[in-house]
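Close look at the chain arrangement
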Amino acid sequence: MVEPVRFPDIELYRGWGAPMRTECEIHGLELTQGAIPATLAGALYKAGPDRQYPSGRSDDIFIDGEGMIHMFRFKDNQVDYLSRWVRTERYERQYAAKRSLFGRYRNRYTNDPSVAGVHMGTANTTAMFHAGRLYALKEDDLPYRIDPETLATLGRDDLDGAIRAETFTAHPKVDPVTDQLLAFAYQARGDATRDIVFYAFGPDRRLLNEIWFEMPYACNVHDFAITDEWIVFAFFPLITAVEVLKKGGSFYQWHPDKSTHVALVPRHGSARDIRWFEGPAMSAGHMMNAHREGAKVHLDLCLYEGNCFPFFSTPQGEFTAPVPPFLTRMTFDLTGNDRSFERRRLMPNVCEMPRTDDRYQGQPYRHGYVIVNRGMDGSSGIGHVDVHTGELDFWAPGAGDGVQEGQFVPRARDSPEGDGWLIVPVSRVSQMRSDLVILDARQLAAGPIATLKLPVRVRSTFHGTWVPDTALQSGLFNYRRS
Ligand SMILES: [Fe+2]
């Protein structure tokens with residue numbers, strides 16, 4: 001006999017956050033406004049967390065939960081929607097036990113003894129498409145390979161034996177022009193290890209370069225940024241300590257007394273030539289882009305002048321007040337030996353989940369896309385920011401409603417930067433269901449050019465990727481920069 005399923009009455013699981021726990025298959029979403037652009041053909045894949053079973057704990061956090069992979073398939077002037085659990089090792093063990101077996105977020109010492117040694121990844125953070133293969137990713141485990149058509153889980157995957165680390169980032173950069181995959185793993189030899197490794201893979205999945213080095217402390221490295229010559233890793237003082245985990249504590253603690261460190265790693269070189277920079281304690285989850293200007297490297301990120309994860313306390317148990325993220329440019333000068341760096345705000349609006357026209361990742365660029373918070377009611381909208389001027393073009397679905405991360409799709413494979421569409425899941429909170437809207441990426445304020453209605457909630461997605469039909473067929477994106 002097992003216990004009935006009961007979720008705790010905590011804020012996380014109320015209203016829009018109520019666990020959905022449902023796989024969906026809808027053929028032909030209802031078009032309630034506008035027209036689907038005729039040349040939009042491909043699949044938008046996204047990943048997000050849901051809760052398979054209640055953990056029985058009151059300290060669950062929103063970034064935990066089993067991975068659900070979602071597909072919006074644009075074909076024949078219709079859009080189909082499919083969502084499937086990622087059958088991770090964690091999911092399968094809980095499925096068999098009919099209950100939760102995993103405890104506090106990433107703390108293996110709080111798990112049921114029956115799952116000691118079982119891989120804990122939830123595959124809940126993003127979808128990655130590279131060299132014809134689709135994966136679901138979570139940064140504390142290896143990728144899970146997914147069937148691009150059915151979303152069936154094909155298994156935990158070490159990229160043909162290339163990944164020797166125990167983890168793999170959920171923010172890889174797949175260059176849609178060269179079809180190279182640039183990625184990394186942090187805490188790469190296990191919880192609280194300082195090892196980090198950078199990987200570059202060719203369009204045939206062959207490993208081109210692998211650079212191992214040590215972080216200044218065993219911290220969170222959620223994202224990174226690339227340029228043509230340098231890879232940018234920022235180390236913020238959200239730090240893991242094994243002795244804290246053994247006592248059942250949180251995976252990260254915020255150390256406001258410790259510095260931020262930034263490593264510029266030579267993309268085609270070795271760990272010997274890494275350049276280090278240092279500044280006061282701050283943090284970020286997400287980077288928009290980076291580029292090189294002569295001997296300077298610019299990193300644009302949604303920067304918090306404090307702790308970006310206020311649900312992780314200091315070692316003394318103090319929870320710091322939330323601080324807002326601002327799109328900020330950090331500049332690193334490689335000409336001298338000065339380890340400090342400059343930073344300046346690119347836009348006055350609070351924003352998160354930055355994206356670009358990904359053909360311009362690592363290159364000088366102008367157009368970024370962000371979620372912009374509108375106020376205290378939790379509503380949000382989608383913004384286009386001109387990073388040259390700081391100007392914001394913005395659309396919001398309405399009071400109380402919100403948007404999830406937008407996906408830019410170029411109008412054609414060689415369109416100018418920023419000429420294309422933004423596909424955005426909209427959370428119709430008041431109606432407890434979602435829409436998928438398509439906007440002209442150059443005129444967001446004009447409102448959607450198409451709205452597709454879902455009769456169900458897309459509870460939460462973090463990140464994803466657009467794969468055009470041509471790439472689904474050939475395995476390669478093969479875009480051009482204009
Ligand atoms: Fe992320």
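My aim in this report is to walk through the structure given alongside it, one point at a time. (Residues numbered from 1 in each chain as written. Predicted model: local features only at pLDDT ≥ 70, side-chain atom pairs only at ≥ 80, totals over all residues. Heavy atoms only, no water.)

1. Quick look at the overall build of the chain
The secondary structure content of the chain amounts to three helices and 32 strands. A compact globule built from 482 residues would reach a C-alpha radius of gyration of about 23 Å, and the chain, at 21 Å, matches this within 12%. If you line up the chain on its principal axes, its C-alpha atoms span 60 × 55 × 45 Å. Counting only residues that meet the buried cut, the chain has 62% of its 482 residues in that class. Look at the contacts in the chain between residues 6 or more apart in sequence, and 59% of them connect residues 24 or more apart. With the model as given, the accessible surface of the chain reaches about 18800 Å², and the carbon-plus-sulfur share is 48%. The centroid of the 54 positive side-chain charges in the chain is displaced by 2 Å from the centroid of its 61 negative side-chain charges. (Helix = DSSP H or I, 4+ residues; strand = E, 2+ residues; numbered from the N terminus. Rg over C-alpha atoms; globule rule 2.2 N^0.38 Å. Buried < 20%, exposed > 50% of the residue type's maximum accessible area, 1.4 Å probe, protein only. Contact = heavy atoms within 4.5 Å. Areas by Shrake-Rupley, 256 points an atom, 1.4 Å probe, with all protein chains shown as cover. Lys, Arg positive; Asp, Glu negative; His and termini not counted. Charge placed at Lys NZ, Arg CZ, Asp CG, Glu CD.)

2. Quick look at the environment of Pro-324
Here Pro-324 is to be found in the loop between strand 21 (296-304) and strand 22 (325-333). Here Pro-324 falls in the partly exposed class, since its relative accessible area comes to 39%. Separated by 112 residues in the primary sequence, Pro-324 and Trp-212 place their C-alpha atoms 33 Å from one another. In this structure, Pro-324 is in contact with Leu-303, Tyr-304 and Val-350, ignoring residues within four places of it in sequence.

3. Observations regarding the sheet that holds strand 11 (residues 181-186)
Ordered by their spatial adjacency, four strands build an open sheet running 10-11-12-13, and the pairing between neighbours is antiparallel. Of all strands in the sheet, those with a lone pairing partner are strand 10 (173-174) and strand 13 (207-214), marking the two edges. Judged from the two bridges that link them, strand 10 and strand 11 form a sheet pairing that is antiparallel. Across the sheet, the residue bridging to Lys-173 is Leu-182, located in strand 11. (Pairing = 2+ DSSP bridges.)

4. Overview of the side chain of His-463
Summarising the element assignment, His-463 is placed in strand 32 (residues 463-468). Owing to a relative accessible area of 5%, His-463 belongs among the buried residues under this scheme. Reaching out from His-463, the side chain makes a polar contact with the side chain of His-286 at a distance of 3.1 Å. For His-463, the residues in contact, after removing those within four places along its chain, are Tyr-45, Lys-46, Ala-47, Thr-125, Thr-126, Ala-127, His-171, His-222, His-286, Met-353 and Glu-405. (Polar contact = N/O pair within 3.5 Å; in protein donor to acceptor, adjacent residues only side chain to side chain.)

5. A look at the sheet that holds strand 5 (residues 78-85)
Strand order in this open sheet of five strands is 1-5-4-3-32, and the pairing throughout is antiparallel. Edge positions in the sheet fall to strand 1 (25-26) and strand 32, since each has one partner strand and no second.

6. A closer look at the coordination of the iron ion
The iron ion binds to the protein through His-171 (NE2), His-222 (NE2), His-286 (NE2) and His-463 (NE2), with metal-donor distances spanning 2.0 to 2.2 Å. For the iron ion, the four donor atoms are set out with angles of 89 to 165° between them, so the coordination reads as irregular. All donors of the iron ion belong to a single chain; written as a sequence motif, their spacing is H-x50-H-x63-H-x176-H. With a gap of 292 residues between them, His-171 in the loop between strand 9 (153-156) and strand 10 and His-463 in strand 32 connect regions that are remote in the sequence. (Donors = N, O, S within 2.8 Å, 3.2 Å for Na, K, Ca; no water. Tetrahedral: all angles 85-135°; square planar, octahedral: opposite > 155°, others 65-115°.)

7. Observations concerning the pairing of strand 6 (residues 126-130)
Within strand 6, five of the five residues are buried, leaving the element largely enclosed by the surrounding structure. Residue alternation in strand 6 divides its side chains into two sets, Thr-126, Met-128 and His-130 and Ala-127 and Phe-129, and both sets are buried. The pairing of strand 6 with strand 7 (residues 133-137) spans five bridges and is classified as antiparallel. Bridging across to strand 7, Phe-129 finds its partner in Leu-134. If you look at the hairpin formed by strand 6 and strand 7, you'll find two residues sitting between the two strands, and Ala-131 has a positive phi there, around 50°.

8. Here's the deal with the packing of aromatic side chains
Inspection of the entire model under this criterion finds 27 aromatic pairs. Aromatic pair Phe-129 and Phe-477: ring centres 5.7 Å apart, planes at 80°, arrangement edge-to-face. Remark: Phe-477 occurs in the segment after helix 3 (469-474) and Phe-129 occurs in strand 6; sequence separation between them is 348 residues. We classify Phe-129 as buried; its relative accessible area is 1%. (Phe/Tyr/Trp six-rings, centres within 6.5 Å; stacked < 30°, edge-to-face > 60°.)

9. What about the nonpolar core?
Within the largest apolar cluster, 58 residues are counted, with the highest numbers of intra-cluster contacts made by Phe-72 and Phe-74. Those residues in contact with Phe-72, other than ones at most four positions away along the chain, are Leu-29, Gly-42, Ala-43, Leu-44, Val-79, Asp-80, Tyr-81, Leu-436, Leu-454 and Val-458. In this structure, Ile-211, Ile-226, Val-265 and Val-437 belong to the second largest nonpolar core, which totals 48 residues. (Core = buried A, V, L, I, M, F, W, Y, C linked by side-chain atoms within 4.5 Å.)

10. A few points about the pattern of salt bridges
For the structure on display, the rule yields 42 salt bridges. A salt bridge links Asp-60 to Arg-51; its shortest N-O distance comes to 3.5 Å. Looking at Asp-60, the relative accessible area reads 9%, which means it is buried. Exposure remark for Arg-51: the relative accessible area of 2% places this residue in the buried category. Measuring nitrogen to oxygen at the nearest pair gives 3.5 Å for the salt bridge that ties Glu-139 to Arg-106. Linking Glu-139 in the loop between strand 7 and strand 8 (144-146) with Arg-106 in the loop between helix 1 (89-97) and strand 6, this pair joins segments that are 33 residues apart in sequence. For the pair formed by Glu-139 and Arg-106, the shared burial category is buried. A single network of salt bridges, built from pairs that share partners, joins Arg-51, Asp-60, Asp-64, Glu-66 and Arg-90. (Salt bridge = Lys/Arg side-chain N within 4 Å of Asp/Glu carboxyl O.)

11. Here's the deal with the environment of Ala-97
Tracing the backbone through its elements, the reader meets Ala-97 in helix 1. Sequence separation between Ala-97 and Pro-468 is 371 residues, and the spatial gap between their C-alpha atoms is 39 Å.

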